[in-house]
Amino acid sequence: QPGELRLNQRPSLRARTSISAPEDGRMKLIVLALAAGTAVAECPNACSGHGTCGTFDECICYPNWQEADCSGRTCPFVPAHVDTPKGDLDGSADALSGTSTTVIAGSTVYPHGTTEQYPLMVDSAGGSLTNTGHAYAECGNKGICDRGSGECECFPGYAGAGCQKATCADPTCSGHGICMNAQNLAAQDHDNVYNLWDAEVGFSCLCEPGYSGPTCASKMCKYGIDPLYYDDDVMAVRAPTARVSFSVGNLTGTKAVGDAAAFGAARKSFLEGTYAIKFYDAFGEDYETAPLSVGAKCPEVVAALEGMANDVVPKHGVACTMRGYTKSDKPVNGKGPGLQTVAYDLVFEENPGDLKPIEVNAYLDGERPTVYLADGNSTDQEFNVDIDVFPNWKGISGEFVDYFPSICHGVQFMVAKTPQNERTLGAAFTDSNSGLSADEEKLLKACLGDADGNADNNLEVYNWDYGTPNSTNTPHIVKLAPTDDSKSGMYDAGTFNLVWYGRANDNADASTNKFYFSGLPTSDTNKKFAVFPTSGVATVLATNKTAVTARFDRGATKVYTSYDTSCPELGIGHINHETIMNACLNKGDKVFLFNNRFDTADAGYGDGDGLTDAEVDQSATAGNMYEVVKVGVDAPSATTATTEDRFYFVVDKAINWDGSATAARSTSSSSLTDNGLNAVEAAWLSKLGDSATVSQLIGLQTIVKFDTSTAESYEYVAQCSGRGLCNEGNCECFAGYTGDNCNLQSALAS
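This write-up is about the structure you can find in this document. Values in this document were obtained by computation on a predicted structure and should not be read as measured data. (Residues numbered from 1 in each chain as written. Predicted model: local features only at pLDDT ≥ 70, side-chain atom pairs only at ≥ 80, totals over all residues. Heavy atoms only, no water.)

1. Topic: the pairing of strand S23 (residues 371-374)
Where we set the bar: Burial classes: relative accessible area under 20% of the type maximum marks a residue as buried, over 50% as exposed, and values in between as partly exposed (1.4 Å probe, protein chains only). Only DSSP runs of H or I reaching four residues or more are called helices, and only runs of E reaching two or more are called strands; each is numbered from the N terminus. Here, any two strands with at least 2 DSSP bridges between them count as paired.
A two-sided burial pattern is seen for S23, the buried positions comprising Val371 and Leu373 on one face and Tyr372 and Ala374 on the other. Note that strand S17 (residues 270-280) and S23 share four bridges and pair antiparallel. Each residue of the ladder has a partner; that of Phe270, found in S23, is Ala374.

Structure below.
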């Protein structure tokens, strides 16, 4: 019909242009509907169900979701191993803004904004922090985030949910160690403390004895002595030594036993029981002997040591000398006199090196001591036996490296005990009356040479430093070793001594100068010694204004100091470090603790009255080198106000002499002002607090740091004796050397 449009008929131009009014209205509704539909269009992917649709059809993602449609997960943020700039985040194309400029605040990843350069480090109050790093970063900057799973794909060597752990290269440590974090590794090392940012995330292998390397995969080889070290008759080996002693303590029991007239209040007590010796080899592996009777003598002790597993102490490898064996004059249960003292010296001649000191295990049954005291009645026992183990009783302990390897040729002399009126300069001396000729004195001066590492202040044609205690804080240190015709054998090694050149009376003629030594190496005035100097630098920590001194008990390893000696030094910021002390101590430093009390009247050796005869006699055993294994500060105790006990360092072996003498701070320096202290010390005391007053007691012993960085050295105890290569635990000896540790020279090396 007219006006009706068929499906298969194209409308005419007229038909298309003559739409009726109702049809025009419907078209408008359709257009409006389309427009309305466009106005309410959803955000991308409906924000994936992990966010809400906000203004301008932008998703506002829930926490830990990101990207335009909130489909990507955010991976864990942890302290970054390495901080990195983020680049041009705002698209400015200009120079990157600094750390103080915040950009793209409110983003799904950085809701509080971030920076284009390195992260801005602030404290909780918003204050900027300097010298601070390791800002929080996704995957710790050591991994790539998988947006689908929200898990970090860590780079090799890193692990953890946020790649926060720097893992061991082999988590199993090749089956020969334990993978531990830095904090636990420090605790295993003499109970040290590690509190840096990566204390719990930095991991490394702690290898079992005999294995080394980052994964503990390398089996170590047997140690030995370089045969070329002792082929010269003047050389002697410093082998590990020990003095073991058992003695009767105070019997506190109250039971009446036997004849009251024989015992009573003054009754005797006797040693009984068994013990074992724990020995450590060069790798640190421990071995224990079979039980020994407390009354065992050297033959039994040697047999027990040589009978340990793996022949760790080889046959004829240890020398033993009895140093005490006393019995009471009263019978014990009708069995004869009771044992009261046992002491013997050990020298491990075939186990060279600076070994961990031996120990006595007197708890073979667990928690109950197996060495005890009896008083004639088997039912009355006490367990306070005095057991001492001194690994360097004669001032000699094992070493791997000799820092005094060169002899001063042409110089030999005897030593004598210093007269009482000269003991502020040393315990022993040598002069022309002791065999030191005028020519030998000149040679000795030239051999000693520089002492402080500064050749510009050397003196005389000999180009040397005097090293006198009143003029320098860097004395000479030498090894005095018996000459070939005076030593008792290959292991009669030398002892270390401070050396000064001067005279007791400053007003006397310079021709009275002589060489003084801190220790008396022998009471035999006919025994000759050779001199082994060093190019290392010895520094006394105390200055001529501040008494940096030490105190320690005999047999202890903990040394208490008058100030904090750690590096970097803590304390007064506006006073130069050099004004307070000449040097500070780090873990691994070498120190000497000679028996040389800080001079309360002058900056010399001993105190104003000099050393006593007893102190001179023990001075020879004080010349041992120690390694600092820990430096620390304790919290103030109940006795800090009277005796300084906060600052300390720990050495690697027991100290074999008593350095516990103390004096008030006000008597520790010659440069004290009228009120009892100088300005530097006053500032220190103020910093230390009210407890540190001028009457506070401090130690008297001088601390000498030995810097080996410039010292000539000879590592004569090493794997394969330094004369072969270690291959999977087996030594491949160089030509001319043989043995399982290459310590035998079979022919002239080619």
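2. So, the pairing of strand S46 (residues 724-727)
Looking at chain direction, S46 and strand S47 (residues 730-733) are connected through four bridges and run antiparallel. In the sheet register, Leu725 faces S47, and the bridge partner there is Glu732. In this antiparallel pair of consecutive strands, S46 and S47, the connection spans two residues, and Glu728 shows a positive phi of 50°.

3. Things to note about the pattern of salt bridges
Rules: Every case where a carboxyl oxygen of Asp or Glu lies within 4 Å of a side-chain nitrogen of Lys or Arg is listed as a salt bridge.
All chains considered together, the criterion is met by 19 salt bridges. The shortest N-O distance in the salt bridge between Asp589 and Lys705 comes to 3.4 Å. On the criterion of sequence distance, the pair formed by Asp589 in the loop between helix H6 (577-580) and strand S37 (590-592) and Lys705 in strand S43 (residues 704-707) is long-range, its members being 116 residues apart. Of the two residues, Asp589 and Lys705, both sit in the buried class. Lys590 is the salt-bridge partner of Glu627, the closest N and O atoms lying 3.1 Å from each other. Highlighted residues: Glu627 in strand S38 (residues 625-633) and Lys590 in strand S37, separated in sequence by 37 residues. A residue is classified by how much of its surface remains accessible, and Lys590, at 17% relative accessible area, is buried. Among the charged side chains, a salt-bridge network with shared partners connects Arg243, Arg323 and Asp345.

4. Details of the state of the cysteines
Heads up, the rule is: We call a pair of cysteine sulfur atoms a disulfide when they lie within 2.5 Å.
Counted by the stated rule, this structure contains 15 disulfides. One disulfide in the model links Cys408 with Cys447; its S-S distance is 2.1 Å. As the torsion about the S-S bond is roughly 85°, the Cys408-Cys447 disulfide counts as right-handed. Placement of the pair is Cys408 in the loop between strand S26 (401-402) and strand S27 (412-413) and Cys447 in helix H5 (residues 438-448), with a sequence separation of 39 residues.

5. Thoughts on the sheet that holds strand S34 (residues 537-540)
Spatially, the eight strands line up as an open sheet ordered S34-S43-S37-S38-S39-S36-S35-S42, and their pairing is antiparallel. Strand pairing shows two members of the sheet lacking a second neighbour, S34 and strand S42 (701-702), which therefore form its edges. As defined by bridge partners, strand S35 (residues 549-551) adjoins strand S36 (residues 558-561) across two bridges and the pair is classed as antiparallel. Note on S36: the bridge partner recorded for Arg551 is Tyr560.

6. Some remarks on the packing of aromatic side chains
Let me state the cut-off plainly: Pairing of aromatic rings covers Phe, Tyr and Trp, the last counted by its six-membered ring, and requires centre-to-centre distances within 6.5 Å; plane angles under 30 degrees mean stacked, over 60 mean edge-to-face, and any other angle means tilted. By definition, being over a ring means that NZ of Lys or CZ of Arg is both within 6 Å of the ring centre and within 35 degrees of the ring normal.
Within this structure, the stated rule accounts for 19 aromatic pairs. Residues Tyr229 and Tyr716 carry aromatic rings whose centres are separated by 3.8 Å and whose planes lie at 5° to one another, so their mutual orientation is stacked. On the criterion of sequence distance, the pair formed by Tyr229 in the loop between strand S15 (223-225) and strand S16 (241-247) and Tyr716 in the loop between strand S44 (714-715) and strand S45 (717-719) is long-range, its members being 487 residues apart. A relative accessible area of 2% places Tyr229 in the buried class. The class of Tyr716 is buried, set by a relative accessible area of 0%. Judged by centre distance (5.7 Å) and plane angle (65°), the rings of Phe592 and Phe706 are edge-to-face. One end of the pair, Phe592, is in strand S37; the other, Phe706, is in strand S43, with 114 residues separating them in the sequence. Taking the relative accessible area as the measure of exposure, Phe706 reaches 2% and is therefore buried. Members of the aromatic cluster, joined through ring pairs, are Tyr403, Phe404, Phe496, Phe592, Phe594 and Phe706. Positioned above the aromatic ring of Phe429, the side-chain terminus of Lys514 is 4.4 Å from the ring centre. Lys558 extends its terminal NZ or CZ atom over the ring of Tyr648, reaching a point 4.3 Å from the ring centre.

7. Comments concerning the layout of surface pockets
We count it as follows: A 1.4 Å probe that fits into a set of points on a 1 Å grid over the protein atoms alone but cannot get out defines a cavity; an open set with protein on both sides within 12 Å along at least five of seven lines defines a pocket, and lining residues are those with an atom within 4 Å of a point. Grid points are joined across faces, edges and corners, and a volume is the space filled by probe spheres set on the points. Here the term charged refers only to Asp, Glu, Lys and Arg, the term nonpolar to Ala, Val, Leu, Ile, Met, Phe, Trp, Tyr, Cys and Pro, and the term polar to all other amino acids, Gly among them.
In this model, the second largest pocket occupies a volume close to 920 Å³. Contributing to the lining of the second largest pocket are 40 residues, with Trp393, Lys394, Ile396, Asp492 and Thr621 lying nearest its centre. Elements with a minimum of two residues in the lining of the second largest pocket: S16, strand S20 (318-331), strand S21 (337-348), strand S30 (476-482) and helix H7 (613-618). Of all the elements, S20 adds the most residues to the lining of the second largest pocket, at four residues. Residue composition of the lining of the second largest pocket, by class: 18 nonpolar, 11 polar and 11 charged.

8. Some remarks on the sheet that holds strand S33 (residues 529-532)
Under the convention used in this document: Contacts are assigned to residue pairs that have any heavy atoms within 4.5 Å of one another. All axes are obtained by fitting lines to C-alpha atoms, using only the stretch in contact for helices, and the reported angles, taken between N-to-C directions, cover 0 to 180 degrees.
Across the sheet, which stays open at both edges, the seven strands sit in the order S27-S33-S30-S31-S32-S29-S28 with antiparallel pairing between neighbours. Of all strands in the sheet, those bounded by a partner on one side alone are S27 and strand S28 (416-417). Relative to strand S31 (residues 495-502), S30 runs antiparallel, the two sharing five bridges. Looking across to S31, one finds that Val478 is bridged to Asn497. On top of the sheet, H5 reaches S27, S30, S31, strand S32 (514-517) and S33; it is set at about 55° to S32, its chief contact.

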